[in-house]
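The residues making up each chain are set out below.
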Amino acid sequence: RKEVEQDPGPFNVPEGATVAFNCTYSNSASQSFFWYRQDCRKEPKLLMSVYSSGNEDGRFTAQLNRASQYISLLIRDSKLSDSATYLCVVNTGGKLIFGQGTELSVKP
Amino acid sequence: EPEVTQTPSHQVTQMGQEVILRCVPISNHLYFYWYRQILGQKVEFLVSFYNNEISEKSEIFDDQFSVERPDGSNFTLKIRSTKLEDSAMYFCASLPSGQGLDQPQHFGDGTRLSIL
């Protein structure tokens, strides 16, 4: 089983759509969880940390279920500028383990 | 907002040559990391560094790789004898001390290494 596994994508959605990304991780000892965003050939940029209580940042909502080792990201009212690859990232012992990413393309 | 900076942005090197990638972490950060991303693949952990020594390294980080903090600001990754498969984006990241290793890491904008 892959350490961090994401929806394969790509997701092609119209502006204004709601889109959900799913991620699972294999190491139950993982300590912290994040969604990063990566634009083509650029560095990963932190989108948000993910907590068991769920957290929201504007149009973005992230959720963690430790029991099922599942992480999600919901983007509401998607914008053209949301087009990017979304990386599910798990911190295990201080090092970051990345999923392969899910590409999102938002069309006018 | 303070940034992690990396130089050069693009390095082209002949196979078998040595290459040094440079990173200037955020000034009060004390944990340093290198990651790489082969084109079309996921970001992979290479090595973590704290208190002037390697904390952890991955299987990728073999004897051809080394890291160093030669002065108070730079953090370098050296590849002694480059191979074609070393072609990738290399990202440096850092963390401040005192906030826990579970905090999000700050990434530099990367060096694209092309081995010919």
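Rules used in this analysis
- Residues numbered from 1 in each chain as written.
- Chains lettered and ligands numbered in written order.
- Predicted model: local features only at pLDDT ≥ 70, side-chain atom pairs only at ≥ 80, totals over all residues.
- Heavy atoms only, no water.
- Helix = DSSP H or I, 4+ residues; strand = E, 2+ residues; numbered from the N terminus.
- Rg over C-alpha atoms; globule rule 2.2 N^0.38 Å.
- Buried < 20%, exposed > 50% of the residue type's maximum accessible area, 1.4 Å probe, protein only.
- Contact = heavy atoms within 4.5 Å.
- Areas by Shrake-Rupley, 256 points an atom, 1.4 Å probe, with all protein chains shown as cover.
- Lys, Arg positive; Asp, Glu negative; His and termini not counted.
- Charge placed at Lys NZ, Arg CZ, Asp CG, Glu CD.
- 1 Å grid on protein atoms, 1.4 Å probe; cavity = no way out; pocket = protein on both sides within 12 Å on 5 of 7 lines; lining within 4 Å.
- Points joined across faces, edges and corners; volume = space filled by probe spheres on them.
- Nonpolar A, V, L, I, M, F, W, Y, C, P; charged D, E, K, R; others polar.

## Concerning the overall build of chain A
A count of helices and strands for chain A gives zero helices and 11 strands. Taken against the 2.2 N^0.38 rule, which gives 13 Å for 108 residues, the C-alpha radius of gyration of chain A at 13 Å falls within 12% of a compact globule. Across its three principal directions, the C-alpha atoms of chain A cover 40 × 30 × 20 Å. Burial statistics for chain A: of 108 residues in total, 48% are counted as buried. Contacts in chain A between residues far apart in sequence, at least 24 positions, make up 55% of those at least 6 positions apart. For chain A, the accessible surface area stands at approximately 5,000 Å², while carbon and sulfur atoms represent 49% of it. Taking the average place of the 12 positive charges on the side chains of chain A and the average place of its 11 negative ones, the gap between the two points comes to 4 Å.

## Considering the layout of surface pockets
Space inside the largest pocket adds up to approximately 470 Å³. Residue lining of the largest pocket: 21 residues in total, with Arg41 of chain A together with Gln37, Ile38, Leu39 and Gly40 of chain B positioned closest to the centre. Within the residue set of the lining of the largest pocket, elements represented by two or more residues are strand E9 (84-92) of chain A together with strand E9 (88-96) and strand E11 (111-115) of chain B. Residues that form the lining of the largest pocket fall into these classes: eight nonpolar, eight polar and five charged.

Distances and angles like these do not, on their own, reveal function.
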